[in-house]
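Descriptive analysis of the structure
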There are 2 protein chains.
Amino acid sequence: MKYQFLSLLLSATLLGSTVKSQEKHFPFVDPMIGSEGLGRVFIGPAYPFGMVKPSPDCGSGPNSGWLPDVPVTGFSQLHVSGTGGGPKYGNILVMPFTGPLDLQDQSSLRENETVKLGYYSVILKKSQVKTEITTADKVSFYQFSYPSAENKSLKIDAGFFLGEQPVPDSREAQQFVGSEIELVSPTEIRGYSRIRGGWNNGRAYTVYFYAVLDQPVTGYASWKGTHLYPGASTQFDSGKKTGMLLKLGGNTAAVHMKIGISFLSSLKAKANIEEEIPHWDFDKVLNQLQDKWETLFSRIEIDPTSSVTEKALFYTGLYHTMLMPVNRTGENPLWTDDQPYYDDFYTLWDTFRTSNPLITLISPKREVEIVNALLDIYKHDGFLPDGRSGNANGRTQGGSHAETVIADAYVKGLKGIDYEMGLEAMLKDATVAPGGNEEQEGRGGLTEYNRLGYVPFSVVRSGNRTVDYAYNDYNIATLAKGLNHQKTYERFIAQSGNWKNLWRDDYVHEGARGFIMPKNEAGKWLDSIPYGKSERQHPTYIYTPLTHETPWYACHWCGFFYEGTSWEYSLSIPHEIPVLIQKSGGNEAFRMRLDTFFDKHFFNVANEPSFLVPTLYHWIGRPDLSSQRIRQIIAASYNTGHRGLPGNDDSGAMSSWLAFHLMGLYPNAGQNYYLLNSPLLKQTIFHQENGKDFKIVAHGLSAQHVYIKSATLNGRNFNQAWISHDDILKGGELVFEMDSQPSTWGNTILPPLSLKQ
Amino acid sequence: MKYQFLSLLLSATLLGSTVKSQEKHFPFVDPMIGSEGLGRVFIGPAYPFGMVKPSPDCGSGPNSGWLPDVPVTGFSQLHVSGTGGGPKYGNILVMPFTGPLDLQDQSSLRENETVKLGYYSVILKKSQVKTEITTADKVSFYQFSYPSAENKSLKIDAGFFLGEQPVPDSREAQQFVGSEIELVSPTEIRGYSRIRGGWNNGRAYTVYFYAVLDQPVTGYASWKGTHLYPGASTQFDSGKKTGMLLKLGGNTAAVHMKIGISFLSSLKAKANIEEEIPHWDFDKVLNQLQDKWETLFSRIEIDPTSSVTEKALFYTGLYHTMLMPVNRTGENPLWTDDQPYYDDFYTLWDTFRTSNPLITLISPKREVEIVNALLDIYKHDGFLPDGRSGNANGRTQGGSHAETVIADAYVKGLKGIDYEMGLEAMLKDATVAPGGNEEQEGRGGLTEYNRLGYVPFSVVRSGNRTVDYAYNDYNIATLAKGLNHQKTYERFIAQSGNWKNLWRDDYVHEGARGFIMPKNEAGKWLDSIPYGKSERQHPTYIYTPLTHETPWYACHWCGFFYEGTSWEYSLSIPHEIPVLIQKSGGNEAFRMRLDTFFDKHFFNVANEPSFLVPTLYHWIGRPDLSSQRIRQIIAASYNTGHRGLPGNDDSGAMSSWLAFHLMGLYPNAGQNYYLLNSPLLKQTIFHQENGKDFKIVAHGLSAQHVYIKSATLNGRNFNQAWISHDDILKGGELVFEMDSQPSTWGNTILPPLSLKQ
């Protein structure tokens, strides 16, 4: 017994503590990476999966609120990260200023903007007020340093929101519903903002707040619409925008404010303050936030000698991955039960490939919560979400990818999930047409898909819907087989081949043979695409595998593919890659196809359907080529600058893709393995929740030594370019010997098919 | 010019003022008619279409809150009237009591319960507190008379609701989501109740309140869940039931309380109080309420020498008809625009036949508002509602009858409605499958209906869905024709004959030939019905035109018809009655069929699909037989007792059926005429909103003289047993000469078909 204990201790020491560094990881996170250009990441302070995300807002336009250079309107409490399309949230805006209470607009240019994990500060040029922000999970914390104690003003705007458009009911625009504000005492203000619409065209959601100041209000004016009412302490909701200008007393130039947020009520928001920040210590709040993140970052420890750039890229990747979805357990205004509640799945189409698998590696318990939240949404709302925000499903892009997330949880052995209910929810997607608004949830075009085996061109997004549904059907088959539902398995494993029904074998383009191409209900391939609803004119346009645009009169998400070309989607068959290779003409033809794809820039690293493609060389026995491509892509598309992300981060999708490849791992979500590539980091250690460490070491890695020559797993030769999730769970050590030349390592044992057809 | 004016004045005098009585109508209303037994009417005070409906609640079970004899739990502020299925609302319950603040349960037996229009009073047996209630539109007003000034307690329960079930997510049961309560000042309490589910399985709705007392609170205890917290002035929402017990001071034994209600916020509820009841005068509130009703009742003036019973039956009928839907303009938490907002369509399947047409006669402006609210719901929620409550569509019973309501408005020339949008909304119903939950809105089984021309038995309620959709298609054709959409007209006038696809010509039952019978997808008539989902057993049961029940394992709304038999639904073809007669074997066979229907009690006056049947004799030239049946039915089924309604009043459906027949008119909703029957009232005058009076006189009407011998319209012979809505709009006088024997009056000119096929 004693001996065994000692042995355990010893191995723990060997595997873990010798490498364990006392160095903190969180300081390497740079929230500004991806803040400019297409990245659109949230730049303010936030807890992991945190509900409150305060950030500067520069007008109503930008998705993340923040923009460089232009004036800042104020600081609102809720944001999403890395999104495209119409903005969401931006509720309860505050803005310190100096001077009289006579103007709703107090926007100002900025100086000395400083952004760190959990911390934002700026000096407002007009008023010279320094504003610092940190946050707890549901409570923002502000520290305003005014130039003098005598002239301190503050605006609280309950009517502000992002994505406002002058035209009512504009698609993807948030729409104002109502707001309210009330000065409760000299140090307390409460109210709410009720908004509908936005990117997911969701129904109304309400953001309640309770603000507490450490200095008393000595004067005030409130507004309703454009009219200012000096001395009016309350503006009730009559369907108009409301807000308040406050004059602050007290003999200090510094003012602190806590803003509790809730989706239930302003008293719940107040209770959130009392629970989370029962004090006025800014640094204490900041330290708690840093500790929360540090606990998660320390689950994946990379070589302490890695460069600052490498550390910044890696930990910022983890950081972006854990900003969303948002944990709103205890804050669900729609139903009450004992399940976790998460919102802002934005969207699973974006995150299922890398973000969810990365969360599973960092914290399986968290992923279990997320899956259970999805199932609870199914149970109460009728369908699993694909895109959900503001407490409403409301947008699908292609497949019903909650199914992949559930299947991924299943094959990776996550415990504490009712997989029978999971299968039920997946079957709802696959058998019950969503009807009505077919892009809200479930599978649009399902009736046609189930009748024809593909989605015909008359249904929008028929290309990626067919390809995605086929993979989702594979996910259903995976779960059905595991749960011994043989008939269901047989049906869906057969359906998982449906992508072939849109595979046009004889179509040759840029030397590649076979593409996913549009077909009508009658089974006819369409070279020219009819579009538009005119009865007299019959406009058409020629469709090729590179066609990206839709005609001027059709919305950009109404084409054959959502965000992408046939070149991309024809390589997006994650469950039947060997069949895909064979249909493309065999290994050599497939290699040429891939080379063309990358060399001619048909590949789009910023588009999730292409995420897996750089690793497809694995399936023709050339993992060295996969690694080569990955290195090229990272070098060309990622850096630590403000424009360091190649596209919308999409709740961390871009960032988690990078984080995986830095480690040399890449998941094929829904299947139980990771592809192995040349790491960019010399060492990675997973300190897993099950207590077992798994280490990846790249011996001899350097700028020149970028190819894997050989590998061992726990000391034994390991000649396959993939590893099962089970092997990681068991703990151990994967060691690569790196070399300057490509080798034949991993060229024979192909990644497994979980299911046979 | 002058001459014309005099002439107009003269005719106004002749038609109107000589008959106009100074007698008030509202005192004849007895809210207790239909309160016991199946009627389930709301018995408390309410404005016409009023938002607030305070009533005693006797436990959580009864749909209307009220029951005789058993203890009363308290008085909650929102109810619906005449509903079946699971209850809805019952929010924000108050209860005066005496004694210490130690018990949540303060229920008590009652004495001296008094119910009048707008007024409720009772003495609580336990405490001897007299409780009187009246109400404004959005504010309840309570007057509590305690036995002494020294011992006055009051409970406010923010967690109570009707229809609670111990099992979570029970179908049709309301489910608790959250609640909050807060003592704001010694005379003010605010909070809310958030509930989901109920009959229409709706998503969460929130009822906010603001209560104001005219005596100060001197002590209090609040609760959360089952735990009582003496001295705690606030219970925030943590997903548990909350409430408060108050000790009241002041040196009077009487306490007044106003409870403002809002669906937006408690401050809006407070604003509602300030707008509607800025005083403490109970009688003033009551008088205002009475005036509101009187204005509406005076639109239809009946013979002042009518018996008290006749007046009670008639005006209570009008009263019940105008309790719902509920005008919630300015109280919509889902969107803000300039359209009216109505909720609690409960359901249009029930009300389209008689309630909506009666509202159109009383106040076309009101009906315009209702139709515009329906269209605004379509615009924002995607589908017209059939059953809507708690701000959510959520339940259809058969057809998509908002279409009939829109068509009825159109054929009756109601102005101020965007009928093009109306047609668009109707076409959404008829062309886009609702999907997902197929009973929520739109047309369940639409895909099959549009493919096969009928709904096959594999879809629940296939019988009445087919019959109803065929009529709804006729409604679409009506509007399409009027708006010159020829192709749409042609499609839907053809589809309106779809009921024939389920008409089994050779089926004979009880001497009648031809019935709507179940058919499967392959077109095979089903004598035995397969039911249940077992793969091994194949349970069946024999289906006959009298089959009412479903097998034990199927829900009662999952049979071939919703609430009804084939005997009933086979006569429910309001647009093709001549075809129906011909298919039944001609006039004589049809007469025998009707006689059998009534004599063998296959007719169910309490079921809306049978509403039109007593008048079907008109179409075989025997209006005298229609009148005979109507008199029999009324005598047997209606009276002024507590059990005076034959079934669930269904938002006034039963009551409006009666009111029409008392006047001698009966609408065929969606078509522009009324059938004429022997009135039960000697005279009816419509004081129409267009300023023109229309009078119906039954000369010589007596217990013996119940047959129409002849008629004149504006002095000219009028030999048809129907009158167009246009003729009523023009104003004038319809005079019947009554006789003791049936005559041949009205036996040749049949009611028109609005549209030809």
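Residues numbered from 1 in each chain as written. Chains lettered and ligands numbered in written order. Predicted model: local features only at pLDDT ≥ 70, side-chain atom pairs only at ≥ 80, totals over all residues.

Attention shifts here to the overall build of chain A. The secondary structure content of chain A amounts to 18 helices and 33 strands. Taking 27 Å as the expected radius of gyration for a compact globule of 757 residues, we find that chain A reaches 27 Å, a close match to that expectation. Summarising its shape, the C-alpha atoms of chain A cover approximately 80 × 80 × 45 Å along the three principal directions. Across the 757 residues in chain A, those meeting the buried criterion constitute 59%. Once local pairs closer than 6 in sequence are excluded, the contacts in chain A between residues at least 24 apart make up 68%. (Helix = DSSP H or I, 4+ residues; strand = E, 2+ residues; numbered from the N terminus. Rg over C-alpha atoms; globule rule 2.2 N^0.38 Å. Buried ≥ 20, exposed ≤ 12 C-beta atoms within 10 Å, placed from the backbone. Contact = placed C-beta atoms within 7 Å.)

Residues and elements named next belong to chain B. Strand direction decides the pairing type here: strand 4 (residues 110–116) and strand 5 (residues 119–124), joined by five bridges, are antiparallel. Paired with Thr114 across the strands is Ser121, a residue of strand 5. Counted between consecutive antiparallel strands, the loop separating strand 4 from strand 5 contains two residues, among which Gly118 sits at a positive phi close to 80°. (Pairing = 2+ DSSP bridges.)

Right, let's talk about the interface of chain A and chain B for a bit. On the chain B side, the residues contacting the 33 residues of chain A number 33 residues. Contributions of two or more residues to the side of chain A that touches chain B are made by strand 9 (174–185), strand 10 (188–197), strand 11 (202–213) and helix 2 (266–276) of chain A. No other element matches strand 9 of chain A, which puts five residues into the side of chain A that touches chain B. Here the side of chain A that touches chain B is built from residues that sort into 14 nonpolar, 11 polar and eight charged. (Nonpolar A, V, L, I, M, F, W, Y, C, P; charged D, E, K, R; others polar.)

Between the two copies of the chain lies a relationship made up of a rotation around an axis and a movement along it. When chain A is fitted onto chain B, the two copies agree to an RMSD of 0.0 Å after a turn of 180° and an axial shift of 0.0 Å. In the structure described here, the two chain copies are related by an operation that fits a two-fold rotation axis. Minimal C-alpha separation from the rotation axis in chain A is found for Gly435(A), amounting to 1.7 Å. With an isologous cut-off of 70% or more, the 100% of interface residues of chain A that recur at the interface of chain B puts this contact in the isologous class. (Least-squares fit on C-alpha atoms with pLDDT ≥ 70 in both.)

Take the environment of Pro364(A) next. Residue and element names in this part refer to chain A. Mapped onto the fold, Pro364 is located in helix 7 (residues 364–381). On a C-alpha basis, the gap between Pro364 and Ser637 in space is 30 Å, while along the polypeptide they are 273 residues apart. Once residues lying within four places of it in the same chain are set aside, the contact partners of Pro364 are Leu414 and Glu689.

All names here are of chain A. Sheet architecture is open: six strands sit in the order 17-28-29-33-30-31, paired in mixed fashion. Here the strands that pair on one side only, and so sit at the sheet edges, are strand 17 (300–302) and strand 31 (716–717). Bridge count for strand 30 (residues 707–713) against strand 31 is two bridges, and the pairing is antiparallel. Its bridge partner being in strand 31, Thr712 is matched across the sheet by Asn717.

In this structure, Phe209(A), Leu374(A), Phe209(B) and Leu374(B) are the most contacted members of the largest nonpolar core, which totals 429 residues. When near neighbours in sequence (up to four residues on either side) are disregarded, Leu374(B) contacts Leu384(B), Pro385(B), Ala402(B) and Val405(B). (Core = buried A, V, L, I, M, F, W, Y, C linked by C-beta atoms within 7 Å.)

Attention now goes to the domain arrangement of chain A. Size of an interface, as often reported, equals the accessible area lost when the parts are brought together. Residues and elements named next belong to chain A. The domain architecture assigned to chain A consists of domain 1 (45–293) and domain 2 (300–308 + 318–673). Centre-to-centre, using C-alpha coordinates, domain 1 lies 36 Å away from domain 2. No other element matches strand 11, which puts three residues into the side of domain 1 that touches domain 2. When the residues that make up the side of domain 1 that touches domain 2 are grouped by side-chain class, the tally is 11 nonpolar, 10 polar and two charged. (Domains from an automatic or database assignment.)

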